[in-house]
Amino acid sequence: MKKPSRPSTYIFGIALVLLLSAIAFWYFQKPLDVSKATPEMSISAENLLAQLKDTTTQLTVLNAEEVVEIHGVIKEINTLNGRETLILQGGADIKSYIICDMKAGQTETLNQLHEKDSITLKGIYKGFLKDAIFLNCVLTRTHQP
Amino acid sequence: MNKLIPILFLVSFCVHAQNTEKIIARQGNVAFFSYTSVENIKAQNNQVLSIIDLSSGEIAVNILMNAFVFEKALMREHFNESYIESDIYPKATFEGTIADFDTSQSEPHTRIVKGTFTMHGVSKTLDIKTKIEKIDGKYILTGTFEAVVKDYDIKIPPLLAGNIAKTISVDFRFEYDPYDS
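Reference entry: report on the structure contained in this document. Model, not experiment: these values are computed from the prediction.

### Quick word on the environment of Pro-108 of chain B
All names here are of chain B.
For step 1, the next point in the chain: Its location among the elements puts Pro-108 in the loop between strand S5 (91–98) and strand S6 (109–119).
For step 2, the next point in the chain: The spacing of Pro-108 and Ser-56 is 52 residues in sequence and 19 Å in space, taken between C-alpha atoms.
For step 3, the next point in the chain: Those residues in contact with Pro-108 that lie beyond four places of it in its chain are Lys-131, Ile-132 and Glu-133.

Given below as structure tokens:
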């Protein structure tokens, strides 16, 4: 005669499946898709750098890992370290820049950009050293003359 | 002879001005590797800041810890939240001096950079063998050193101890431009 299953076996089985699913989700989770993310703020490069350099506002203006939309003028486009990087000017009196490490898959668009072009991009803020660092940047608009 | 004096003075001034220059790398590359039989972990940071004072050979490096890029999101999460605690210790720094630094040397050469590396709130003195090159007037510094995880008070949970190497290999490459203050 077949022995009836104990409820504790079912509970254990369900808990195990849930646990494995959670681990699999956690392990294979994809990073945030910046192109679809709503930015915490939309700001000009000059304004952002002025606030980050000001000791009274630098700690409150932005938190690390926040998505930010920035408008600015291209100072430089480079592929140093095998990464596509876009550097935005900070303004006439500001010797700091916005360094944007671009998300992969934008080579064609980047090839059409030039120094002094005005653009808008979104990226994840990482922090401020001498420049503001953004990763996973995506171009949202170009305003070529 | 009298005409030569101002020229010599100008040359000497130019040499001095060049020697007091600072140079900056805004997109320095620092990569670390952890090899174990269970898992290999590597991460790269391409926005490391470094400044060298050419007159004194002093060098400073500043690294944003949360700007390291990993293959998997989970590795990045563990690194920032559990091991490095980048919200509490957001930066790692190195301050040191390049021994016998000679700006007149144009051939690639190797020097020892001695200084203090601070990570996770712990400072250690390091001697790092560094290759110095000057290509198209730009200084390029490359090298490798090893960091013992335990030295920096980084606690690895026993369950994950097999996944993280006890000694992490760190590679760096800095390409310097003139410093525009």
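So much for the structure itself; the text now carries on.
### Details of the environment of Gln-58 of chain A
Residues and elements named next belong to chain A.
For step 1, the next point in the chain: Mapped onto the elements, Gln-58 comes out in the loop between helix H2 (45–53) and strand S2 (67–78).
For step 2, the next point in the chain: Along the sequence, Gln-58 and Leu-48 sit 10 residues apart, while their C-alpha atoms lie 9.4 Å from each other.
For step 3, the next point in the chain: Leave out the neighbours within four places in its chain, and Gln-58 touches Gln-51, Leu-52, Lys-53 and Phe-128.

### Some details on H2 of chain A
All names here are of chain A.
For step 1, the next point in the chain: Listed as buried for H2 are Ala-45, Glu-46, Leu-48, Leu-49 and Leu-52. Burial along H2 is one-sided: seen end-on, the buried residues are contained in an arc of 165°.
For step 2, the next point in the chain: In this structure, the buried side of H2 is in contact with strand S1 (41–44), S2, strand S3 (85–88), strand S4 (98–102), strand S5 (118–128) and strand S6 (132–143).

### Thoughts on the pairing of S6 of chain A
For step 1, the next point in the chain: Across four bridges, the pairing between S4 of chain A and S6 of chain A is parallel. Its bridge partner lying in S6 of chain A, Met-102 of chain A is registered against Cys-137 of chain A.

### Considerations on the interface of chain B and chain A
For step 1, the next point in the chain: Contacts between chain B and chain A engage 16 residues on the former and 20 residues on the latter.
For step 2, the next point in the chain: Grouping the amino acids of the side of chain B that touches chain A by side-chain chemistry returns six nonpolar, seven polar and three charged.

### What to know about the nonpolar core
One broad rule of soluble globular proteins: the nonpolar side chains tend to lie buried together.
For step 1, the next point in the chain: Core analysis: the biggest nonpolar cluster contains 54 residues, and Leu-88, Ile-98, Cys-100, Ala-132 and Phe-134 of chain A have the highest contact counts within it.
For step 2, the next point in the chain: Residue contacts for Ala-132 of chain A: discarding those within four places in its chain leaves Leu-48, Leu-49, Leu-52, Ile-98 and Tyr-125 of chain A.

### Concerning the pairing of S3 of chain A
Moving residue by residue along a regular strand, the side chains alternate between the two faces of the sheet.
All names here are of chain A.
For step 1, the next point in the chain: Taking every second residue as pointing to the same face, both faces of S3 are buried, with Thr-85 and Ile-87 on one and Leu-86 and Leu-88 on the other.
For step 2, the next point in the chain: In this sheet, S3 lies alongside S2 in antiparallel orientation, the contact comprising four bridges. Looking across to S3, one finds that Ile-74 is bridged to Leu-88.
For step 3, the next point in the chain: Hairpin connection of S2 to S3: six residues between the antiparallel strands, including Asn-81 at a positive phi of 60°.
For step 4, the next point in the chain: Direction of pairing for S3 relative to S4: antiparallel, over a ladder of four bridges. By the bridge assignment, Thr-85 is partnered in S4 with Asp-101.

About the thresholds
Counting restarts for each chain: residues are numbered from 1 in the order of the written sequence. Chains carry letters and ligands carry numbers; both start at the beginning, A for chains and 1 for ligands, and go up in the order they are written. Totals for whole chains, interfaces and linings use every residue, but because this is a predicted model, local features are given only for residues with pLDDT of at least 70 and side-chain atom pairs only at 80 or more, for both listing and counting. Helical segments are the DSSP runs of H or I of at least four residues, strand segments are the runs of E of at least two, and each set is numbered from the N terminus. Working definition of a contact: two residues with C-beta atoms, positioned from the backbone, lying within 7 Å. Put simply, a residue is buried when 20 or more other C-beta atoms lie within 10 Å of its own C-beta and exposed when 12 or fewer do; between those, it is partly exposed, and each C-beta is set from the backbone. Throughout, the arc means the angular range of directions from the helix axis out to the C-beta atoms. The criterion for strand pairing is that DSSP finds at least two bridges linking the strands in question. Three classes are used: nonpolar for Ala, Val, Leu, Ile, Met, Phe, Trp, Tyr, Cys and Pro, charged for Asp, Glu, Lys and Arg, and polar for all others, with Gly counted as polar. Nonpolar cores are identified as sets of buried Ala, Val, Leu, Ile, Met, Phe, Trp, Tyr and Cys residues joined via C-beta atoms within 7 Å.

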